[in-house]
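# Summary of the model geometry
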Amino acid sequence: TEIKVWKEFDKSRLYMADLESGLHFLLRVELAMHKALEGAELKTFKDFVTISAKLFPGRQPVVKLLETLQEWLVSLPLDKIPYDAILDLVNNKMRISGIFLPRKVQWVGCQGSRPELRGYSCSLWKLFHTLTVQAALRPKALLNTGLEDSPQIVLQVMRRYIQHFFGCKACAQHFEEMAKESMDSVKSLDQAVLWLWEKHNVVNNRLAGDLTEDPKFPKVQWPTPDICPACHEEIKGLHSWNEEQVLQFLKSHYSSENLLYQYTQ
Ligand code: FAD
């Protein structure tokens, strides 16, 4: 087995290596569990690729790959697509422009102190936080894509993605319960950003002290006061969030300006 050298990183920044590794894992590992895509799965994958092509704040070759994948999926008259055909496109058809996605995962802000900890599930959260924030920063980006014009669209695609593809079935069930309960109440793109933040904290709270917790990365209510002091308030001795400040913080944390390209391949 390979010996991994610990990579120093700044937890107040977002690392493109995590987001690209997440996409790599999603397209080459998670999707590969399905021999072919059809029906609701195919629709979900198409919609995921569409929102990613429009909103992923990526490097040009990665965005180009996502756009090519999207055009190809939209133009195919098939109602069933073999996974091998998708893999072929991801691996080969785009090679002309040089590297576009890493050939292996490289976790940075998502590295775990043991290989089975963190990694992909961490990157999937970061990817969807990034997509909800990008949608709020660029509200017109999804117009004319054939997707429903709704402030919930990114969350709804995430919901379906998790439901159909996320390897952790218990996670998918928990997430679906939260979605059923309150996703409908999201009425603006800003609320969508805050909804995902709040639900992620619910998950953090539930998993604190769990076996799946990385001792080096304890589950906390996020963002902690050291990275966002203004997010925290005390009212009559009780902790409360300043949601306006949280929204501002999320919009800056998950923006292109906060991305670092260190460790990308
Ligand atoms: P993660 O929780 O993965 O967070 C990744 C990073 O996101 C953090 O390092 C931080 O930078 C940032 N972050 C943290 N909190 C927030 C927030 N509130 N808002 C915005 N950004 C934040 N595991 C289970 O065992 N049971 C489950 O039911 C379960 N459900 C899941 C549901 C979904 C949709 C997903 C994507 C994952 C789920 N997981 C579940 C996995 C679990 O949530 C963690 O991803 C995993 O334990 C790795 O944790 P982590 O320490 O890397 O932090």
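The coordinates are above.
Quick look at the structure, then. (Residues numbered from 1 in each chain as written. Predicted model: local features only at pLDDT ≥ 70, side-chain atom pairs only at ≥ 80, totals over all residues. Heavy atoms only, no water.)

### Looking at the site of the ligand
This is how it is decided: Residues are labelled near a given molecule or strand when at least one of their non-hydrogen atoms is within 4 Å of it. Any pair of nitrogen or oxygen atoms within 3.5 Å is treated as a polar contact; in protein, a donor-acceptor pairing is required on top of that, and neighbouring residues in sequence qualify only through side-chain atoms on both sides. Throughout, the Shrake-Rupley method with a 1.4 Å probe supplies accessible areas, and for residues the shown protein chains are the sole cover considered. Secondary structure elements follow DSSP: runs of H or I no shorter than four residues count as helices, runs of E no shorter than two count as strands, and numbering proceeds from the N terminus. All residues other than Ala, Val, Leu, Ile, Met, Phe, Trp, Tyr, Cys, Pro, Asp, Glu, Lys and Arg, Gly among them, are scored as polar; the first ten of these are nonpolar and the last four charged.
Around the ligand there are 23 residues in total, and Arg118, His174, Trp197, His200 and Tyr254 lie nearest to it. Measuring from an oxygen atom of the ligand, one finds a side-chain N or O atom of His200 at 2.8 Å. Between an oxygen atom of the ligand and a side-chain N or O atom of Lys219, the distance comes to 3.0 Å. In the complex, 91% of the free accessible area of the ligand, which totals 950 Å², lies under the protein chains. Mapped onto the shell around the ligand, the elements with two or more residues apiece are helix H5 (120-137), helix H7 (169-182) and helix H8 (189-207). Counted by class, the shell around the ligand contains 12 nonpolar, seven polar and four charged residues.

### Examining the pairing of strand S5 (residues 238-241)
Test applied: In this scheme, strands are said to pair when DSSP sees at least two bridges between them.
Sheet analysis places strand S4 (residues 232-235) next to S5, joined by four bridges and oriented antiparallel. Opposite Glu234, over in S5, you have His239 as the bridge partner. Linkage of S4 to S5, two consecutive antiparallel strands, is achieved through a turn of two residues, within which Lys236 is found at a positive phi near 50 degrees.

### Looking at the packing of H8 against helix H9 (residues 243-253)
The line we're drawing: With axes taken as lines fitted to C-alpha atoms, and helix axes fitted only over the stretch in contact, angles between N-to-C directions fall between 0 and 180 degrees. Roughly parallel refers to an angle under 35 degrees, roughly antiparallel to one over 145, roughly perpendicular to one between 65 and 115, and oblique to any angle outside these ranges. A contact between two residues is defined here by any heavy atoms of the two lying within 4.5 Å.
Where H8 contacts H9, the axes come no closer than 10 Å and their chain directions differ by 95 degrees. Put simply, H8 runs roughly perpendicular to H9. In this structure, H8 uses Asp190, Val193, Leu194 and Trp197 to contact H9, whose residues at the interface are Glu243, Val246, Leu247, Leu250 and Lys251. Of the residues assigned to the contact of H8 with H9, the class counts are six nonpolar, no polar and three charged.

### Thoughts on the packing of aromatic side chains
Inclusion rule: Any Phe, Tyr or Trp ring, taking Trp's six-membered ring, that has another such ring centre within 6.5 Å forms a pair; planes under 30 degrees apart are called stacked, those over 60 apart edge-to-face, and the others tilted. Exposure classes here rest on a 1.4 Å probe applied to the protein chains alone. A residue is buried below 20% of its type maximum, exposed above 50%, and partly exposed in between. Distance and angle both matter: a charge sits over a ring if NZ of Lys or CZ of Arg is within 6 Å of the ring centre and within 35 degrees of the ring normal.
Inspection of every chain in the model, using the stated rule, returns 13 aromatic pairs. Summarising the aromatic geometry, the rings of Tyr161 and Phe165 are spaced 5.0 Å apart at their centres and angled 25 degrees between planes, so their arrangement reads as stacked. Residue Tyr161 and its partner Phe165 are located together in helix H6 (residues 153-165), separated by four residues, close to a single helical turn. Like Tyr161, the residue Phe165 is buried in the burial classification. Here the aromatic cluster, defined as three or more aromatic residues joined through ring pairs, consists of Trp6, Phe9, Tyr15 and Phe217. Looking at Arg118, its charged tip hangs above the ring of Phe217, at a distance of 3.8 Å from the centre. Here the guanidinium or amino end of Lys216 rests over the ring plane of Trp6, the centre of that ring lying 3.9 Å away.

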